[in-house]
Protein chains: 6
Amino acid sequence: MPLITIEGPQLSKEKKRELVGALTKAASGVIQIPEEGFTVIIRENNPDNVGIGGSLLSEMKFK
Amino acid sequence: MPLITIEGPQLSKEKKRELVGALTKAASGVIQIPEEGFTVIIRENNPDNVGIGGSLLSEMKFK
Amino acid sequence: MPLITIEGPQLSKEKKRELVGALTKAASGVIQIPEEGFTVIIRENNPDNVGIGGSLLSEMKFK
Amino acid sequence: MPLITIEGPQLSKEKKRELVGALTKAASGVIQIPEEGFTVIIRENNPDNVGIGGSLLSEMKFK
Amino acid sequence: MPLITIEGPQLSKEKKRELVGALTKAASGVIQIPEEGFTVIIRENNPDNVGIGGSLLSEMKFK
Amino acid sequence: MPLITIEGPQLSKEKKRELVGALTKAASGVIQIPEEGFTVIIRENNPDNVGIGGSLLSEMKFK
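Quick notes on the rules
Residues numbered from 1 in each chain as written. Chains lettered and ligands numbered in written order. Predicted model: local features only at pLDDT ≥ 70, side-chain atom pairs only at ≥ 80, totals over all residues. Heavy atoms only, no water. Contact = heavy atoms within 4.5 Å. Salt bridge = Lys/Arg side-chain N within 4 Å of Asp/Glu carboxyl O. Polar contact = N/O pair within 3.5 Å; in protein donor to acceptor, adjacent residues only side chain to side chain. Helix = DSSP H or I, 4+ residues; strand = E, 2+ residues; numbered from the N terminus. Nonpolar A, V, L, I, M, F, W, Y, C, P; charged D, E, K, R; others polar. Pairing = 2+ DSSP bridges. Axes fitted to C-alpha atoms, helices over the stretch in contact; angles between N-to-C directions. Buried area = accessible area lost by both parts, 1.4 Å probe.

(A) Focus on the interface of chain B and chain C. Opposite the 25 residues of chain B that make contact, chain C presents 24 residues. The interface formed by chain B and chain C includes 0 salt bridges. On the surface where chain B and chain C come into contact, there are 5 residue pairs in polar contact (both at pLDDT 80 or more). Put simply, the parts of the chain that give the side of chain B that touches chain C at least two residues each are β1 (3–8), α1 (13–31) and β3 (50–52) of chain B. It is α1(B) that contributes the most residues to the side of chain B that touches chain C, 9 residues altogether. Among the residues making up the side of chain B that touches chain C, the classes are represented as 18 nonpolar, 4 polar and 3 charged. Across 5 bridges, β1(B) lies against strand β1 (residues 3–8) of chain C in antiparallel orientation. Bridged to B:I4 within β1(C) is C:I6.

(B) Structural context of the sheet that holds strand β2 (residues 39–44) of chain C. The mixed open sheet is built from 8 strands, whose spatial order is β4(D)-β3(D)-β2(B)-β1(B)-β1(C)-β2(C)-β3(F)-β4(F). Where the open sheet ends on each side, the last strands, each with one partner, are β4 (55–56) of chain D together with β4 (55–56) of chain F. When β2(C) meets strand β3 (residues 50–52) of chain F, the two strands line up antiparallel, connected through 3 bridges. The residue of β3(F) that forms the bridge with C:V40 is F:G51. Across the sheet, α1(B) is in contact with β1 and β2 (39–44) of chain B, β1 of chain C together with β3 (50–52) and β4 of chain D; its angle to β2(B) comes to roughly 135°.

(C) Main features of the interface of chain A and chain F. Contact with chain A, which involves 24 residues of that partner, is made by 25 residues of chain F. With both chains or domains summed, chain A and chain F bury close to 2,000 Å², and 80% of this area falls on carbon and sulfur atoms. A per-residue breakdown of the area chain A buries against chain F is headed by A:M1, A:V30 and A:I31, which together make up 30% of the total. On the surface where chain A and chain F come into contact, there are 0 salt bridges. Taken together, the links from chain A to chain F amount to 5 residue pairs in polar contact (both at pLDDT 80 or more). For the side of chain A that touches chain F, the secondary structure elements donating two or more residues are β1 (3–8), α1 (13–31) and β3 (50–52) of chain A. The element best represented in the side of chain A that touches chain F is α1(A), accounting for 9 residues.

This is the structure:
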């Protein structure tokens, strides 16, 4: 039953496939539950819908 | 206040109406809180964004 | 894969068993996915940790 | 690390900016953790995907 | 219906009361939905159950 | 900002430390965002609060 949810940026289908495989393998190895039991949900967030430190992620300047 | 969230496939508006009614009735009957107090949130997930057993749901073959 | 999460009050084990059965049956009937595919997570919330209309649920007076 | 998630209606970018700032400031003031440590996620829900008291929010009549 | 969830540290009941009031007032003012419609859920996380940058929050050294 | 939440069984502190490290490394490698930006939340679920296929996880017989 373990369920992994990841909130992050937009991803290509290739990256999603890779991410689901990597998260499942990593967690299964630690928790000692077979990979078959894991579900992963990927949420792609619009940077207008994320705030960091009180500012929109879409308007932050990274130096 | 009880809140029910369901993560599943794309649904028609008719199915959503039916689902909200059925989940609310089922939970209200067990928990003994009036139906008026329940909120339901339906999340429709793209099968590219769901992984089962390390593979994308959109790429699984069902036998 | 559908996943149902319910946020509500403390429940006895009997009520949890009944709730898991009732929510799964209700959703499976509407979405047309076999009951075997459903996961339910019950979260029991302390009424000190829930706010309704700006007040703690544990301090509301119901008339 | 504190994380605030808000489920609500569709919002303009201006409202999102204002909401992220207001929620972060409000929580930071109470919890006494600097604003820099806060993340906010805004989820805009289609009123067809929300149920209140067993009915779709999109079909409720407000008197 | 708007729902605000906050994941943070352990809080006293006084802080929870203050937090629920402050978040509800802040969001209601921006979204223009009456305070009565808001629900807040506070989740208090054990610092052993939070990871930042790959390390447990309970084992981080703050300089 | 990426946030990973994992719902699973009770874990020792050693397993939590290992899990946070493994999930962060796995996701950072795929998404190409530095590990420093990741938050992980571990939720340990009582098997009485999880349902699979309509039955409580605490009452399932594994053959």
